[in-house]
Amino acid sequence: MSRPIVRAALSSILAASIATSTVTPAFAQRAVGQRPDIATDEGGLWAQSDKAETEAKTKAELNRDPELTPYVRGVACKVAAEYCGEVRVYVLDRPYFNAAMAPNGYMEVWSGLLLRARSESELAFVLGHEVTHFAQGHSLASWRKTKSAANAGMVFMLVGGSIVGGLLYLGVLSSLFAFDRTQETEADALGLARAVKAGYDPSAAAAIWRSLGEETAASDFPKTRRSDTRASIFNTHPITPDRIAALDALAAGAATPSVGERARYRAQIRRFLPAWLTDDLRRRDYGQTLHLIDRLAADGEDLGVLEFYKGEAFRRRRQEGDLEKAKVAYAAAATRPDAPVAVWRELGDVEARLGLTTEARTAYETYLAKAGDADDRWLVEASLKKINGGAAS
């Protein structure tokens, strides 16, 4: 199926979805620039969104890079062209897959998502999915449903201000972004339609959902492997095989994202790879991190950085055979022009622990030659002196 045919089919699905929607007219696609009366329940929901946005601005994890946030906002505006003037994007350095758009137009995109997307098309689909929740009033529908539930009192206590600070912020977010299966299905279909209309590859939608499932299956923890894959830190966006199959069907016959597109996207996030991979390692699910690194490495770029962090994952996990695997990964990284200087220090430590004295000596000496006045220079010198039998090198 050619790309124009796919786009036409998705446009038809978009029109049919709106025409046959079971959502009441109040939740038809929202008007541009709409701001509800504060006296209404929707106005109250917007007020809580405003509070969450104010909280987001104060977060230490807020990424203040002058280029990254405008880039992400640019992608959001492509899939939400009519709402671009209302979109306010905050990139947070948090190692989990998460993006969300509040009813007032503020959007959070977490670094864990940016690290896992292999192309701008994959990012565009996720943002289009979240824009659909915003455009179709899903948060308001969920809010009204929650108010009528048995635990509404607890929710109102949380978002009404009795619990403040970080708990208020997370409580508001989790209550705003708890969508049901129908809403998730609609967000998938209409979000994909938005991405295709903006010129993105339809196959990217199923690709990123599928990769999350594969990452879940690669977890070190049996409980995680047995759990449903989620597309949100708030555990409210389950990704089922049916959802992936539906997206595959919509994009049947479409070309996969080009290498050029992936390279352009990687260029936007390259400088953040060390910090974001370090954060991901702090999750201590090394199986998932290793799967993520292999997915990133499949494009053949940044291999020095990626092999180094692969070594770090094996070194920290400490399962049987991991020390040898760490050595292999560090040694591979050391052959790459983009290898971090730290690779020779860690390679020396691993080789010393494996009893490979000659190799460890070479690695330590290489590190000292490359590291200049590094703060840990004295520590590496001490390690080198130890393997030399107490004599200075």
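Residues numbered from 1 in each chain as written. Predicted model: local features only at pLDDT ≥ 70, side-chain atom pairs only at ≥ 80, totals over all residues. Heavy atoms only, no water.

A. Region of the structure containing the overall build of the protein chain. Scanning the protein chain from N- to C-terminus turns up 20 helices and five strands. Buried residues in the protein chain amount to 49% of all 393 residues. Long-range contacts, defined here as pairs at least 24 residues apart, represent 67% of the contacts in the protein chain between residues at least 6 apart. (Helix = DSSP H or I, 4+ residues; strand = E, 2+ residues; numbered from the N terminus. Buried < 20%, exposed > 50% of the residue type's maximum accessible area, 1.4 Å probe, protein only. Contact = heavy atoms within 4.5 Å.)

B. Broad picture of the sheet that holds strand β1 (residues 88-92). Read from one edge of the open sheet, three strands run β1-β3-β2, paired in mixed fashion. Each edge of the open sheet is held by one strand with a lone partner, namely β1 and β2 (99-101). Strand after strand, the sheet turns through a mean of 15° between neighbouring axes, direction not considered. Packed on one face of the sheet, helix α3 (residues 68-79) meets β1 and β3 (106-110) and runs near 130° to β1. Here helix α5 (residues 120-135) sits on the sheet and contacts β2 and β3; the angle it forms with β2, its principal contact strand, is near 30°. (Pairing = 2+ DSSP bridges. Axes fitted to C-alpha atoms, helices over the stretch in contact; angles between N-to-C directions.)

C. Highlighting the state of the cysteines. Applying the stated criterion across every chain, the model contains one disulfide. Across a sulfur-sulfur distance of 2.1 Å, Cys77 and Cys84 are joined as a disulfide pair. The sign of the S-S torsion, about 80°, decides the handedness of the disulfide formed by Cys77 and Cys84: right-handed. Given the relative accessible area of 23%, Cys84 is considered partly exposed. (Disulfide = S-S within 2.5 Å.)

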